[in-house]
Amino acid sequence: MQTMTIDTIAIILGGGAGTRLFPLTAQRSKPAVPIGGKYRLIDVPVSGCLHANIRRIYVLTQFNSASLNRHISDTYRLDRFSGGYVDILAAEQTPDNPNWYQGTADAVRQAARHFTEQEAEFYLILAGDHLYRMDYCELVDAHKAAKSDITIAAQPVDPDTATQMGIFRFTKDGQISAFEEKPNASRLADISRSIPPGSTFATHSDEQPFMASMGIYVFSRKVLLEMLDREPGHDFGRELIPNALGKYRVTPYLYRGYWADVGTIESFYEANVMLGKPAAPFRFWDTRRPIYTHLRHLPASRFTACTITDSVVAEGCFLDRCDISSSVVGVRSLVMPGSHITNSVLLGADRYQDTSPDGQPAMGIGRDCVLDRVIVDKNARIGDGSRLVNENGVEHADGNGYYIRGGIIVVPKHAVIAPGTVV
């Protein structure tokens with residue numbers, strides 16, 4: 001086993017209220033949202049830290065943190081002799097500051113009194129709602145090699161994606177010369193491309209002419225604490241990073257692997273459904289850097305005369321004479337005979353059910369149901385003969401036991417869909 005990295009502390013931002021991911025965030029914080037059938041979003045950055053032997057990890061959160069606290073305490077019990085830990089730092093009111101976290105930088109600023117007591121030369125700041133696999137050792141090493149004050153991970157994006165992200169402009173030798181948060185299409189046309197012609201450090205394609213911030217930062221200790229103390233503003237992307245240009249040495253770390261911000265219903269849906277494709281750009285399994293999660297000791301899934309295509313099925317499921325394609329089936333899922341599920345995401349269940357409450361369908365997917373482009377949250381009950389296919393192509397609606405966001409039907413946690421419901 002490699003020695004714990006003692007010069008770096010990781011700080012994972014739990015995000016705000018997660019309104020764009022509602023109703024999946026109605027009862028949990030964004031990092032606690034299940035993904036890939038058996039994982040939670042927080043598992044991605046924590047696993048990356050552990051593979052880099054960064055074992056002093058703080059998770060900053062303030063909304064619906066109970067399930068996140070439980071998952072972390074059940075999953076990440078590090079060797080007590082190593083000095084490693086994964087700690088939750090929930091927003092707290094103090095005599096000096098009665099306010100909750102106001103943004104990414106404000107969250108780090110308020111939590112600083114907890115982690116500055118620890119010796120560290122570098123702070124690795126990560127988001128808790130992204131899906132990717134990065135070698136953080138390479139990122140921190142690049143920061144050291146460039147003698148940077150701030151290093152920002154950046155990825156090439158197309159013009160449509162660029163309007164939702166922070167966009168860099170570079171000098172020919174690779175220094176960050178400007179940063180703009182979520183520029184509109186006309187502004188992007190003015191910028192034209194992030195990397196100027198004739199640059200000596202990198203190029204990008206015409207299809208992806210912009211380099212976007214991934215919300216992943218490495219700060220040298222002195223610089224971060226100085227900025228938090230002196231620089232006004234609540235957010236790294238909107239305020240502190242633009243203000244740092246010209247004052248500090250700010251360099252990029254160019255990342256060209258798969259990365260997805262799953263902060264919306266649409267992006268969360270696409271990231272999950274992608275997992276079952278034959279040429280999926282991201283997979284949770286990796287012999288060198290697997291994604292860790294809570295060990296549940298569940299039995300193997302059981303299939304009875306099913307047809308399953310391009311899908312991911314987690315453990316502990318019972319699928320009975322059903323058809324499933326291009327879908328993710330989460331832990332302990334029950335799908336009854338005659339049901340057809342396509343392009344959908346079932347988050348599964350927290351427990352097995354012996355009996356159903358009077359007058360309610362069984363937990364899971366009932367008989368002869370049809371689901372297409374549906375997200376079914378944990379412990380939901382879909383009654384027999386239900387047809388959830390968004391036949392009218394509605395983009396946004398609130399219904400009885402369901403929501404529609406971006407044309408995707410979302411059945412929230414513990415919801416009940418009455419038998420025969422058609423959406």
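Everything below is about the structure shown above.
What counts, and at which threshold
Residues numbered from 1 in each chain as written. Predicted model: local features only at pLDDT ≥ 70, side-chain atom pairs only at ≥ 80, totals over all residues. Heavy atoms only, no water. Helix = DSSP H or I, 4+ residues; strand = E, 2+ residues; numbered from the N terminus. Contact = heavy atoms within 4.5 Å. Salt bridge = Lys/Arg side-chain N within 4 Å of Asp/Glu carboxyl O. Buried < 20%, exposed > 50% of the residue type's maximum accessible area, 1.4 Å probe, protein only. Pairing = 2+ DSSP bridges.

Asker: I tried to follow the environment of His204 on my own but got confused; where do I start?
Answerer: Of note, His204 is situated in the loop between α6 (185-191) and β11 (210-220). For the pair formed by His204 and Tyr248, sequence separation is 44 residues and the distance between their alpha carbons is 26 Å. Those residues within four positions of His204 in sequence are excluded, and the remaining contacts are Arg193, Ser194, Ile195, Pro209, Phe210 and Met211.

Asker: Would you explain the pattern of salt bridges in this entry?
Answerer: When their charged atoms lie close together, side chains carrying opposite charge are able to pair. Counted under the stated rule, the structure contains 17 salt bridges. Between Arg169 and Glu180 there is a salt bridge; the shortest N-O distance is 3.2 Å. Of this pair, Arg169 sits in strand β9 (residues 166-170) while Glu180 is found in strand β10 (residues 176-181), placing the two residues 11 residues apart along the sequence. Here Arg405 makes a salt bridge to Asp398, at a shortest N to O gap of 3.0 Å.

Asker: What is the right way to look at the pairing of β9 in this model?
Answerer: Remark: a regular strand shows side chains that alternate across the two faces of the sheet. Of all 5 residues making up β9, 4 are buried, and the element is well covered by its neighbours. For β9 and β10, the ladder comprises 5 bridges, and the chain directions are antiparallel. By the bridge assignment, Arg169 is partnered in β10 with Ala178. Where β9 hands over to β10, the hairpin turn is made up of 5 residues, of which Gly174 adopts a positive phi near 100 degrees. Bridge count for β9 against β11 is 2 bridges, and the pairing is antiparallel. Bridge pairing in β11 links Ile167 to Ala212.

Asker: Help me understand the sheet that holds strand β24 (residues 370-372), please; the structure alone is not making it clear to me.
Answerer: The strand order across the open sheet formed by 5 strands is β15-β18-β21-β24-β27, and the pairing between neighbours is parallel. The open sheet has two edge strands with one neighbour each: β15 (307-309) and β27 (387-388). Examined bridge by bridge, β15 and strand β18 (residues 323-325) share 3 bridges and lie parallel to one another. Along β18, the bridge assignment pairs Ile308 with Ile324.

Asker: Can you help me understand the side chain of Lys30 in this one?
Answerer: Among the secondary structure elements, Lys30 is positioned in the loop between β1 (8-13) and β2 (34-35). When sequence neighbours within four positions are dropped, the list of residues in contact with Lys30 reads Gly14, Gly15, Gly16, Gly18, Leu21, Thr25, Leu41 and Asp129.

Asker: How should the side chain of Ser194 be read in this particular structure?
Answerer: With respect to the helices, strands and loops of the structure, Ser194 is situated in the loop between α6 and β11. We classify Ser194 as buried; its relative accessible area is 2%. With residues up to four places along the chain from it excluded, the contact list for Ser194 reads Ile167, Phe168, Arg169, Phe170, His204, Pro209, Phe210 and Met211.

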